[in-house]
Amino acid sequence: MSLIGELNRLQAEHGYLSEESLGEAAQRLRVPLYRLQEVVSFYPHFRTTPPPRCEVTLCRDVSCFLAGGEAWGAKVKAILAGEKDVEVREVSCLGRCDRAPAAMVNGLAVGAVAPERMAELARHPEKYHDAPGARRQWRIDPYGEGGEPFSVCQAWAQRADEVIATLKAAGLRGMGGAGFSTGLKWELVRKEATTPKYVICNADESEPGTFKDRVLLEELPHLVVEGMCLAARVVGAERGWIYLRHEYEHACGPLERAIGQALRRGLLGRGFEVEIFLSPGGYILGEETALLEALEDKRGEPRNKPPYPGSRGLWEKPTLINNVETFAMVPAILKKGAEWWKAQGVRGHQGLKVMAVSGDVERPGVYEIPMGTTVAELIQMAGGVKGGKRLKAFAPGGASSAFLPADKTGVEIDFASVQAAGSMLGSGALVAVAEGTDMLGVAANVVRFFRNESCGKCVPCRTGTQKVVEMLDQILAGKGNGRLREVLPGLEETLAQTSICGLGQVALNPLTSVLKAWPEVLNR
C-alpha cells in the first residue's frame, strides 16, 4: 500500500505525477522506477501531465445515457470548446446515477443541471460546493431511535460463535452481488489457522446504476465501521481497510469520524485497526482479488480462484471481504435478533434490502425495502415512470444484469426470484427504461462500458467486447451485415468460460437479453 499511497499523496500535492517526482519517489521508497510506472499506467486516476485549472468529467454510462446524457454532454463540450485551461472528458460511471446526467468539476459531484450552468461552474470552480443531502430514518440503523453507536459491538465482542449462529439464522447474504452466506463466510475465515488475518470493506462501488453504498457511507458510516469491528472479533483479524473508490473521496470525512468514535469507545486501537485506502480507480477493482492486488501495490488484475481470499487473500493471509451494505446490516441483526430480521420481509421472503433506483423514474434514489417487494412497487416508490410513460424494460441488478420486459415487473425482489425470472439481483440497482427507448442503443451503451473497463488480462474479454462494440456501432449507423446474431452466442459462451472474473463472464448478458426480448432491434 505504500506505493499507491505515496502516488496518491504526490498527485494530491502536485496535481500530477511528473517524471521527476516519480524518480525521486523510486529512490525514496527504494524500488525500481518501473515498479511505479507499471502501477501509474494501469490506474485511470493517475495523470502524468499537468492538470488544467478545471477538469470536467462527464458520465457516459447507462443511467446518464437514459437521461439524455449524450446530447447534454455534447452541449457542455460545445459551450466550453476553446475555453482556456478547462478540460472536458467523458468517464465511466461516477456513482451519481440519482443525479443524471452526472458530472464532476475538479472532483466535486454535479448533476441534473443545465449545460449552461455546468459551463459556469467550469469557469468558476472555486465557487462550487457540493451540499450534503438530507438524512433519513433507516430500519437497518439500530440507533435510529436512540442508543449509543457501537454498543452492539461492545455487547457481542466476546460472543463470536453466537454472532455466526445469529447471522446464519437470519439468512444474511453478501449484498455486493454474489449473495454468499455472510455467517458461513465469517465462520470459514474464523476456522483458518494461519495468522495474521485481515478484514476489508469493499467500497469500490462502480457499476452503472449502482450508488446505494455511497449513500450508506454518507449516512450510516458508523454501522459500516461497527460491522467491521464485529467481523474482526469473530475471525480474529488484526487490521482492516475500507477500500474506497476515489470518486467517493467525500465519504472519507464521515468514515474518519466513525473511526474516531470507535476508537474512543475502545473498539479500535486494542488489537484491531481500520484505515481508509483510496483507490486510484477502475471498475475492475470491485472484483475482490483485483482489489487485493491493488492493496499489494500491483496492477489491479484479477487472480485465478481458487484459492479464495478467505484462505489466501491479502499477502497470502486469510482475508474477510464484504461490501458496505453487508457490514452495515450486521449490527441491527445482532441487536434485534434473527427472527426480527426475517420478519422484515414480505410475501414469504426474509430481511431488508437497500436498492438504488435510476433511469426513467420520477424520483431516482436509494430505497430501503422489504425483501419480496415487487419491481412494480419499487418503481412506484420512485414516483413511477418519468413523464407518465409506460415502462418498456428494466435491469434489476445494475448494468451487468439481464434486461427484463415490463410484463415481468411482478417479480419479487429476492435473489432466487429475480434469478428465476431470468436475471439477477446483482449489485442491487434497478434501472428503469421507458417505452420509446431504443433498446439496442441501451445495450450498446452497456457493452461499451464493459469494453472500456476490461483490464485486458483475459484476451477473450479484451478482444471480444471490442469486437461486439464495433459490430453494434455498425448496426446503429445503419451499416450492419447481419453477423452479430450469428457470432454472439459463441462469443458469449467463450467469454463466460474463459474470463477469470465476473466482468468478462457477464459483459454480453445485457445485450443477449435485449436480443431475446426484442429481436426486432436488429432490423434496421
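Computed from a predicted structure; not experimentally measured. (Residues numbered from 1 in each chain as written. Predicted model: local features only at pLDDT ≥ 70, side-chain atom pairs only at ≥ 80, totals over all residues. Heavy atoms only, no water.)

*Asks:* What is the right way to look at the sheet that holds strand E9 (residues 352-359) in this model?
*Replies:* Neighbouring strands of a sheet are bound in pairs by backbone hydrogen bonds; such pairs are parallel or else antiparallel. Here 5 strands make up an open sheet; going across it, the order is E10-E9-E13-E11-E12 and the pairing mixed. Every interior strand has two partners, whereas the edge strands, strand E10 (365-370) and strand E12 (404-405), have only one. Here E9 pairs with E10 via 6 bridges, running antiparallel. Bridge assignment links valine 354 to a residue of E10, and that residue is glutamate 368. (Pairing = 2+ DSSP bridges. Helix = DSSP H or I, 4+ residues; strand = E, 2+ residues; numbered from the N terminus.)

*Asks:* Sorry if this is basic, but what is going on with the packing of helix H10 (residues 212-219) against helix H11 (residues 221-235) here?
*Replies:* Between two packed helices, both the angle of their axes relative to each other and the distance between the axes serve to describe the pair. Where H10 contacts H11, the two axes come as close as 5 Å, and the packing angle between them is 95 degrees. Classified by the interaxial angle, the pair formed by H10 and H11 is roughly perpendicular. Where H10 approaches H11, its residues Leu216, Leu217, Glu218 and Glu219 are matched on the opposing element by Pro221, His222 and Val224. Looking at side-chain class alone, the contact of H10 with H11 contains 4 nonpolar, 1 polar and 2 charged residues. (Axes fitted to C-alpha atoms, helices over the stretch in contact; angles between N-to-C directions. Parallel < 35°, antiparallel > 145°, perpendicular 65-115°, else oblique. Contact = heavy atoms within 4.5 Å. Nonpolar A, V, L, I, M, F, W, Y, C, P; charged D, E, K, R; others polar.)

*Asks:* I would appreciate a short explanation of empty space enclosed by the protein in the present structure.
*Replies:* Leftover empty space is mapped by rolling, across the atoms, a probe with the size of a water molecule. In the structure shown here, the tally under the stated rule is 1 cavity of 30 Å³ or more. Here the largest cavity defines a volume of roughly 70 Å³. Lining the largest cavity are 13 residues, with Ser454, Cys455, Cys458, Cys461 and Cys501 positioned closest to its centre. Grouping the constituent residues of the lining of the largest cavity by class yields 8 nonpolar, 4 polar and 1 charged. (1 Å grid on protein atoms, 1.4 Å probe; cavity = no way out; pocket = protein on both sides within 12 Å on 5 of 7 lines; lining within 4 Å. Points joined across faces, edges and corners; volume = space filled by probe spheres on them.)

*Asks:* Even after reading the chapter, I still don't get the packing of aromatic side chains, so can you show me in this structure?
*Replies:* We describe a pair of aromatic rings using the distance from one ring centre to the other and the angle between the two ring planes. Overall, the coordinates contain 11 aromatic pairs when judged by the stated rule. On the numbers, 5.5 Å between centres and 80 degrees between planes, the contact of tyrosine 198 with tryptophan 315 is edge-to-face. Of the two residues, tyrosine 198 sits in strand E5 (residues 198-203) while tryptophan 315 sits in the loop between helix H13 (288-295) and strand E8 (319-323), which places them 117 residues apart along the sequence. Ring geometry for tyrosine 283 and phenylalanine 449: centres 4.9 Å apart, planes at 70 degrees, overall edge-to-face. Of this pair, tyrosine 283 sits in the loop between strand E7 (273-279) and H13 while phenylalanine 449 sits in helix H18 (residues 439-453), and the two are 166 residues apart along the sequence. One aromatic cluster is present, built from ring pairs that chain together Phe42, Tyr43 and Phe46. A cation sits over an aromatic face here: arginine 159 above tryptophan 156, 3.9 Å from the ring centre. One residue, arginine 173, lies across the ring of phenylalanine 415, its end atom 4.2 Å from the ring centre. (Phe/Tyr/Trp six-rings, centres within 6.5 Å; stacked < 30°, edge-to-face > 60°. Lys NZ or Arg CZ within 6 Å of the ring centre and 35° of its normal.)

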